[in-house]
Amino acid sequence: MKKFRFHPCGNYHDNYSQELTIFETDFGRFWLCIGIFFLFFILPFAISPYFLYVLNTIGIASIAAIGLNILIGFTGQISLGHGAFIGVGAYAAAIFATTLNVPFLLSLPLAGAISALVGMIFGIPSGRLKGLYLTIATLAGQIIIEYVLIHWESLTKGTMGITVPRPSIFGFEIVSDQRFFFVIFICLVIMTWIAANIMRTKYGRAFIAIRDNDRAAEGMGIPIFGYKLLSFGISSFYAGVAGALWAYYMVSVTSEPFNLGLSVEYIAMVIIGGLGSITGSIYGAIFITFLNEFLRALTDMLMNMGVFAEARLNVAPLREFFFGMAIIMFILFEPRGLAEVWRIIRAHFRLWPFPY
Amino acid sequence: MSFFLQLLINGLSIGFLYGLSAMGFVMIFKSSSVLNFAHGELLALGAFFFLAAITWAQLPIAVAFLVTLAGCFVLGFIIERFFLRPLIGEHLIYVIMLTVGLASMFKGLMLLVWGGNLHTYPEFLPKFLNIQWDVINIPPVYTAALIIGMLFLMLFGIFFKYSSQGIFMRSVADNQKAALSLGVHVQRVFALSWAIAALVAGMSGIVLGVMNGINVHDLSAIGLKVFPVVILGGLDSIGGAIIGGLIIGILETFTGGYLSPSLRDVVPYIVLVFILMVKPYGLFGLKEIERV
């Protein structure tokens, strides 16, 4: 019979695999199982369609945010082009579904692969540039991809957009929000599992070494350029899968949403959630999505009350303002994000009633 | 031929404005190595302050101009003191995202107060500034922009060359640690460079507003145009910003005129990627790029 592990009262690790483990105690594993059970067997049947929609958006955003966190939080390469990579994934999925009739299950990874390819192409400058120069290069990438998406009309139908047919898995049509919920969240669980495990392998450790000190990493024999490209590739793969899910879920794809604002939104998720934390990216996605929905509800309410009846208050400016403020507040007061807040809360309860 | 000349003149004047807008950006980068993504919003704020000063407060033009510049100066000071100073020494992404957050906040604020529509200033430039020579027509705005720009360039040249604060600023830009050890108040220099940069941005914002009308979205888009300009000119060279601006401006109008109007907005970024790959320190920048 297996011995259950509980919180030790100190650091008693005596080999590296103990250090690497995801769940320090069986308690964590137990709660994760309960959480997943709740997520799949209770939540989708208990909430209204509107909340299902919000949850689905959170799921899609989480996938892309995890990918971006691998790039920014773990490898230390700042990309301002992630919105465009998501767009590439969405268009790839839409084109696969309409002109090539690729089945849904195949088109998700294919869209991811195409996104990864594009991401790696725009990651090539990282071989020569770092820091803010690389940031500017990815900014240029964002604008160039956006232009291509609008103007390559034979492929992307320009500003008209592409209407994506309803996906089906082995003849089982995915039509309602509820069915999409299962698809999106199964993807999210798999992608989270993969990401958490990539970070425990040689590749993940190489990424972290590059982030912490690239010269030292090179000195230790890590081929930096290759690993940076790999990081761009993995990260864009996540973005591509998220984009493909987005395309199927939103039914029609236009180039409008995939602008610089979206890139900034995803970086905000990663920072607010916590750089270098997989679960943090999910917290960030939840925070930003709820902020968006809350502000939408708030402006609706103010409009109905007639406070701004004359001025025709729009959700956009309020959103911009609070969004910027949230980023600034987190950077100034809790730069390690919600993951750190959660860690502090947990540590507090674990030690209670002792101060340390 | 006249088409070519007109394009050239247009390109030069647009480019000169890009250069002017980029000047403030370079100033911040030079002294504190902060990449300011809120630069377009600073331009727009300057333009809107001026609008408020002449339409709402009904000030005479010259007074309104000075009041706006003073307002921008104070704003730059406040931004540095409350937002950037806590981040000295922090990781690059926090600094970048802070300016992105500021950009978003300012944009939201301006949209709330002034809305997203196009505003225009009342006509105030004297007619004699209109230069008509053969087929070339230079509207008064461009002439005024040129005069003001030259004036500012000269003033800043004198400021950096002879005043003690200017010399401090140059010393910090050159080597922060050495300047600190020689008794330069580095924090004050940062604050001053943000204030001056905001002032320059406000001035360029007014000129842009007179030229194309004031619209939050257009002006903040200029803030992104600054990146190709400064990379081409060299991130830490003020003269390079002007030259880079002129080149990008000419490139834009010529692509717009001869190739296709839609390509016009992307060409600077294609050039940007190319320069970053080939000559990342730009035409006049300090060759201090590390390659890993």
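Residues numbered from 1 in each chain as written. Chains lettered and ligands numbered in written order. Predicted model: local features only at pLDDT ≥ 70, side-chain atom pairs only at ≥ 80, totals over all residues.

1. A closer look at the overall build of chain A
Short version of the rule: Helix numbers and strand numbers start at the N terminus; a helix is a DSSP run of H or I with at least 4 residues, a strand a run of E with at least 2. Note on method: radius of gyration uses C-alpha positions; expected globular size equals 2.2 Å times residues raised to 0.38. Counting other C-beta atoms within 10 Å of each residue's C-beta, where C-beta atoms are placed from the backbone, gives the exposure class: buried for 20 or more, exposed for 12 or fewer, partly exposed between.
Broken down by element type, chain A carries 15 helices and four strands. Its C-alpha radius of gyration of 21 Å places chain A within 12% of the 21 Å reference for a compact globule of 356 residues. For chain A, the C-alpha atoms occupy an extent of roughly 60 × 50 × 45 Å along the three principal directions. A buried classification covers 44% of the 356 residues belonging to chain A.

2. Here we look at the overall build of chain B
Going by this rule: Contact between two residues is assigned when their C-beta atoms, built from the backbone, lie within 7 Å.
Counting its regular elements, chain B contains 11 helices and two strands. Within chain B, buried positions represent 48% of all 292 residues. Summarising the internal contacts of chain B: among those between residues at least 6 apart in sequence, 74% fall at separations of at least 24.

3. As for the interface of chain A and chain B
Inclusion rule: When residues are sorted by character, Ala, Val, Leu, Ile, Met, Phe, Trp, Tyr, Cys and Pro go into the nonpolar class, Asp, Glu, Lys and Arg into the charged class, and all the rest, Gly among them, into the polar class.
Taken together, the 38 residues of chain A in the interface contact 35 residues of chain B. Elements with a contribution of two residues or more to the side of chain A that touches chain B: helix 6 (132–151), helix 10 (214–219), helix 12 (260–273) and helix 14 (315–333) of chain A. The element best represented in the side of chain A that touches chain B is helix 14 of chain A, accounting for 12 residues. Considering only residue class, the side of chain A that touches chain B consists of 28 nonpolar, four polar and six charged.

4. Considerations on the packing of helix 1 (residues 2–32) of chain B against helix 5 (residues 140–162) of chain B
All names here are of chain B. Put simply, the rule reads: Here the axes come from fitting lines to C-alpha atoms, over the contacting stretch only for helices, and the angles between their N-to-C directions go from 0 to 180 degrees. What makes a crossing left-handed is the near helix being turned counterclockwise from the far one by less than a right angle; a clockwise turn instead makes it right-handed.
Two numbers describe how helix 1 lies on helix 5: the axes approach to 10 Å, and their chain directions differ by 35°. The handedness of the crossing between helix 1 and helix 5 comes out as left-handed. When helix 1 is examined against helix 5, the residues Ser-13, Phe-16, Leu-17 and Leu-20 are found in contact with a partner set consisting of Tyr-142, Ala-145, Leu-146 and Gly-149. Grouping the constituent residues of the contact of helix 1 with helix 5 by class yields six nonpolar, two polar and no charged.

5. A few points about the confidence of the model for chain B
Under the convention used in this document: Confidence of the prediction at every residue is given by pLDDT, a number between 0 and 100.
Looking at chain B as a whole, the pLDDT averages 84, with 94% of positions reaching at least 70. Across the interface, the model reports ipTM at 0.86; the global pTM reads 0.89.

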